[in-house]
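What follows is the residue order along each chain.
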Amino acid sequence: GAVVSQHPSRVICKSGTSVKIECRSLDFQATTMFWYRQFPKQSLMLMATSNEGSKATYEQGVEKDKFLINHASLTLSTLTVTSAHPEDSSFYICSADRRGKGRTEAFFGQGTRLTVV
Amino acid sequence: AQKITQTQPGMFVQEKEAVTLDCTYDTSDQSYGLFWYKQPSSGEMIFLIYQGSYDEQNATEGRYSLNFQKARKSANLVISASQLGDSAMYFCAMRGNYYTGANSKLTFGKGITLSVRP
């Protein structure tokens, strides 16, 4: 099956610093990737839709300047949490869409557990 | 707008028994796909099974089957012969415009925690 790699899997950073999370589709080209945030025992909350070569589309209530998304190539999207604060601590997970045979399948990265201290 | 409802509290099942996880949905789309994902404590989202809205037969994947009742807008997941490794959180999700391949988002339910007892 298709593989999506997300890195790092865990990161601890100091308050005020920025953290970059990478999401790569390893064996297919993904024009669309999605970034989610998940709190413990809760569902995935969509943060933004990342489209290759264009600006990301953010969900209502998500700060664009806080969560910078770049989709520079068909296999890589990055999420940068800028000036991180403890309330940004969470589990972040990406997915990449693969289209084929009239169907669209989502493949997820392993997730990144961010802790801001 | 699309909505997925998973209302069961934490579920418990004895090892080797079958369990049904409920999912109801609401959408105005004629073409849509329904998905189930498993999320163990490690956090990864593992795809289990999907059902297209135009598929006449219920989907099956090994020990997983999807009880699709279109008129009732339900897509329950049945896990047969539960194993200890099935203990995880399970999410039902749907995507509109599934067959056209148009760009659309996955809508997730709030999830169900399944615990398998030895």
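Let us look at the structure shown here.

## Observations concerning the pairing of strand β7 (residues 67-73) of chain A
Residues and elements named next belong to chain A.
Argument step 1. Pairing geometry for β7 and strand β8 (residues 76-81), over five bridges, is antiparallel. Note on β8: the bridge partner recorded for Leu68 is Thr80.
Argument step 2. Linking β7 back to β8 in an antiparallel pair, the connection comprises two residues.

## Some details on the interface of chain B and chain A
Argument step 1. Taken together, the 24 residues of chain B in the interface contact 24 residues of chain A.
Argument step 2. Each partner contributes to the roughly 1,800 Å² buried at the junction of chain B and chain A, and carbon and sulfur atoms together form 49% of this total.
Argument step 3. Seen at the junction of chain B and chain A, the total is two salt bridges.
Argument step 4. A salt bridge links Arg95 of chain B to Asp97 of chain A, with the shortest nitrogen-to-oxygen separation between them at 2.9 Å.
Argument step 5. For the pair chain B and chain A, the interface holds four residue pairs in polar contact (both at pLDDT 80 or more).
Argument step 6. Elements supplying a minimum of two residues to the side of chain B that touches chain A: β5 (32-39), β10 (88-96) and β11 (106-108) of chain B.
Argument step 7. When its residues are assigned to classes, the side of chain B that touches chain A shows 11 nonpolar, nine polar and four charged.

## Considering the pattern of salt bridges
Any two side chains of opposite charge can pair, on the condition that their charged atoms come close.
Argument step 1. Considering all chains together, one arrives at seven salt bridges over all chains under this definition.
Argument step 2. Linking Lys105 of chain B and Glu59 of chain A is a salt bridge whose minimum nitrogen-to-oxygen distance equals 3.0 Å. Here Glu59 of chain A lies in the loop between β6 (57-58) and β7 and Lys105 of chain B lies in the loop between β10 and β11, a pairing that spans two chains.
Argument step 3. When its relative accessible area of 38% is taken as the criterion, Lys105 of chain B is described as partly exposed.

Cut-offs and rules
- Residues numbered from 1 in each chain as written.
- Chains lettered and ligands numbered in written order.
- Predicted model: local features only at pLDDT ≥ 70, side-chain atom pairs only at ≥ 80, totals over all residues.
- Heavy atoms only, no water.
- Pairing = 2+ DSSP bridges.
- Helix = DSSP H or I, 4+ residues; strand = E, 2+ residues; numbered from the N terminus.
- Contact = heavy atoms within 4.5 Å.
- Buried area = accessible area lost by both parts, 1.4 Å probe.
- Salt bridge = Lys/Arg side-chain N within 4 Å of Asp/Glu carboxyl O.
- Polar contact = N/O pair within 3.5 Å; in protein donor to acceptor, adjacent residues only side chain to side chain.
- Nonpolar A, V, L, I, M, F, W, Y, C, P; charged D, E, K, R; others polar.
- Buried < 20%, exposed > 50% of the residue type's maximum accessible area, 1.4 Å probe, protein only.

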